[in-house]
Amino acid sequence: MIFSRALLAGLCLAVITGPALAATPSTPAKPSEQDWRTPAPDTVMVIDTNKGRVLVELIPDVAPNHVARLQDLTRAGVYDGRTFFRVIDRFMAQTGDPTNTGEGGSDKPNLKAEFTFRRGAETPFVAMAAPAGLEVGYLKSLPVVSQAWTWSDMTADKKVSAWGTYCPGVIGMARDEDNNSANSQFFLMRQPYPSLDKRYTAFGRVISGLDAVRAIKTGEPVPAPQDQMQKVRLLSDIPESQRPKVRVIDPKGAWFAAETQRLRKLKGADFSVCDLDLPVEVR
């Protein structure tokens with residue numbers, strides 16, 4: 001599978017300086033009950049690895065066919081026992097090959113790329129900043145970059161193009177040189193790498209367990225890989241009595257708006273959409 005080796009390029013947003021910076025709280029406020037949302041159970045992958053449990057929220061709004069593929073393969077048990085065969089420090093951990101070699105895929109046809117999606121007025125996107133004619137923010141748990149909404153007045157469908165950006169924890173689909181060659185292999189970001197944007201389909205994010213992803217043994221390929229996804233299920237397929245209760249911060253809530261403002265003041269010109277960590281509760 002081919003990945004970009006381009007230099008990391010951050011997304012610098014608004015610059016805020018002066019007295020307001022000194023008064024910025026160093027820690028986020030506590031969320032209220034109204035700040036939480038509960039992800040749909042069939043969009044949460046529960047990945048039990050030998051390094052710990054990882055929860056990934058899939059976002060059908062941005063790549064419905066890729067989400068459907070991972071749901072199908074998860075329910076078929078294809079991901080159980082799959083190793084992390086290619087893991088690069090400060091980059092990503094790749095898995096999902098039924099042959100555990102990095103050269104295989106499922107028996108399903110390859111997927112057409114979903115590098116971008118059309119953002120409409122109904123899309124639950126929440127903007128954080130508007131750098132250089134774009135809008136940057138969140139769609140559920142996924143950091144997203146979008147054309148400015150003002151462009152919708154000039155498009156036939158009254159929508160604009162948007163795409164997931166590769167912050168830590170974002171899940172992307174691996175492929176070879178052909179844009180439309182993704183099949184079963186995917187990768188989880190260990191660190192930000194936005195040069196992958198619009199080149200690999202991003203369709204969800206780790207909402208719990210990023211420490212486990214970062215603990216996986218590195219190698220390109222990993223020598224004698226032993227770290228693996230032992231069991232992969234959708235939250236909806238776990239019996240109710242055993243199912244973890246999961247909720248995550250809603251970007252449409254007051255906490256998100258306040259935390260965005262706090263971080264922009266704290267970081268100044270260095271502020272990036274990747275700086276915001278969405279709190280999650282797993283019980």
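Peer 1: Help me understand the pattern of salt bridges in this model?
Peer 2: It is possible for side chains bearing opposite charge to pair when their charged atoms get close. Throughout the structure, instances matching the rule amount to 18 salt bridges. A salt bridge links Asp-237 to Arg-75; its shortest N-O distance comes to 2.8 Å. Remark: Arg-75 occurs in helix 2 (residues 64–75) and Asp-237 occurs in the loop between strand 15 (228–234) and strand 16 (246–249); sequence separation between them is 162 residues. Overall, the relative accessible area of 40% leaves Asp-237 in the partly exposed class. With a shortest N-O distance of 3.4 Å, Arg-283 and Glu-281 are connected by a salt bridge. The class for Glu-281 is partly exposed, based on a relative accessible area of 27%. Residues joined by salt bridges that share partners form a network here, namely Glu-33, Arg-247, Glu-281 and Arg-283.

Peer 1: Would you take a moment to explain the packing of aromatic side chains for this structure?
Peer 2: Given two aromatic rings, their pairing is described by the distance between the two centres and the angle made by the two planes. Under the criterion given, the structure shown has five aromatic pairs. When the centroid spacing of 5.2 Å and the interplanar angle of 90° are considered together, the rings of Tyr-79 and Phe-186 count as edge-to-face. Taken together, the residues span a long stretch of sequence, with Tyr-79 in the loop between helix 2 and strand 4 (82–83) and Phe-186 in strand 13 (residues 186–189) at a distance of 107 residues. Take Tyr-79 and Phe-186: they sit in the same class, and that class is buried. A centroid spacing of 6.2 Å and a plane angle of 80° characterise the contact between Phe-187 and Tyr-200, whose relative ring orientation is edge-to-face. Note that Phe-187 is positioned in strand 13 and Tyr-200 in the loop between strand 13 and strand 14 (202–208), a separation of 13 residues in sequence. The pair Phe-187 / Tyr-200 is uniform in exposure class, with both members buried. An aromatic cluster is defined as three or more aromatic residues linked by ring pairs; in this entry it consists of Tyr-166, Phe-187 and Tyr-200. A cation over a ring is seen here: Arg-175 above Tyr-200, with NZ or CZ 4.3 Å from the ring centre. Its end group placed over the ring of Trp-163, Lys-198 keeps NZ or CZ at 4.2 Å from the ring centre.

Peer 1: Help me out: how do you make sense of the pairing of strand 15 in this one?
Peer 2: Along any regular strand the residues' side chains alternate between the sheet's two faces. Summarising the sheet, strand 2 (residues 44–49) and strand 15 pair through five bridges and their orientation is antiparallel. Looking at strand 15, one finds that Asp-48 is bridged to Lys-231. As judged from the two bridges shared by strand 4 and strand 15, these two strands associate in the antiparallel manner. Note on strand 15: the bridge partner recorded for Thr-83 is Gln-228.

Peer 1: Could you clarify how one ought to interpret the layout of surface pockets in this entry?
Peer 2: Over the atoms, a rolling probe the size of a water molecule traces out where space has been left empty. By volume, the largest pocket amounts to about 240 Å³. Those elements that place two or more of their residues in the lining of the largest pocket are strand 14 and helix 3 (210–214). Per element, the largest residue contribution to the lining of the largest pocket is four residues, and it comes from strand 14.

Peer 1: Sorry, what's going on with the state of the cysteines here?
Peer 2: Here a disulfide denotes one covalent bond, and it connects the sulfur atoms of two cysteines. Summed over the entire model, instances satisfying the criterion amount to one disulfide. With its sulfur 2.0 Å from that of its partner, Cys-167 forms a disulfide with Cys-274. A torsion of -85° about the S-S bond marks the disulfide between Cys-167 and Cys-274 as left-handed. With a gap of 107 residues between them, Cys-167 in the loop between strand 11 (160–164) and strand 12 (170–173) and Cys-274 in the loop between helix 4 (254–267) and strand 17 (280–282) connect regions that are remote in the sequence. What makes Cys-167 buried here is its relative accessible area of 0%. What makes Cys-274 buried here is its relative accessible area of 17%.

Peer 1: I keep staring at the sheet that holds strand 1 (residues 36–37) and nothing clicks. Help me out?
Peer 2: Hydrogen bonding along the main chain pairs the strands of a sheet, whether they run parallel or antiparallel. Strand order in the open sheet made by the three strands is 1-16-17, with antiparallel pairing throughout. The strands lining the two open edges of the sheet, one partner per strand, are strand 1 and strand 17. As defined by bridge partners, strand 1 adjoins strand 16 across two bridges and the pair is classed as antiparallel. Bridge pairing in strand 16 links Trp-36 to Ile-249.

Peer 1: Please explain the sheet that holds strand 14 as it appears in this structure.
Peer 2: With antiparallel pairing, the nine strands of this open sheet are ordered in space as 4-15-2-3-14-12-13-6-5. Each edge of the open sheet carries a strand with a single partner, namely strand 4 and strand 5 (86–88). Bridge count between strand 5 and strand 6 (residues 92–95): three bridges; the pairing is antiparallel. Note on strand 6: the bridge partner recorded for Ile-88 is Met-92.

Peer 1: I keep staring at the confidence of the model for the protein and nothing clicks. Help me out?
Peer 2: Parts of the prediction with low pLDDT should not have their coordinates interpreted in detail. Residues with a pLDDT of 70 or more make up 92% of the protein, whose mean pLDDT is 92. Scored below 50 in pLDDT, residues 1–22 shows 64 contacts in the model against residues more than four places distant or in partner chains.

What counts and what doesn't
Residues numbered from 1 in each chain as written. Predicted model: local features only at pLDDT ≥ 70, side-chain atom pairs only at ≥ 80, totals over all residues. Heavy atoms only, no water. Salt bridge = Lys/Arg side-chain N within 4 Å of Asp/Glu carboxyl O. Helix = DSSP H or I, 4+ residues; strand = E, 2+ residues; numbered from the N terminus. Buried < 20%, exposed > 50% of the residue type's maximum accessible area, 1.4 Å probe, protein only. Phe/Tyr/Trp six-rings, centres within 6.5 Å; stacked < 30°, edge-to-face > 60°. Lys NZ or Arg CZ within 6 Å of the ring centre and 35° of its normal. Pairing = 2+ DSSP bridges. 1 Å grid on protein atoms, 1.4 Å probe; cavity = no way out; pocket = protein on both sides within 12 Å on 5 of 7 lines; lining within 4 Å. Points joined across faces, edges and corners; volume = space filled by probe spheres on them. Disulfide = S-S within 2.5 Å. pLDDT = per-residue confidence, 0-100. Contact = heavy atoms within 4.5 Å.

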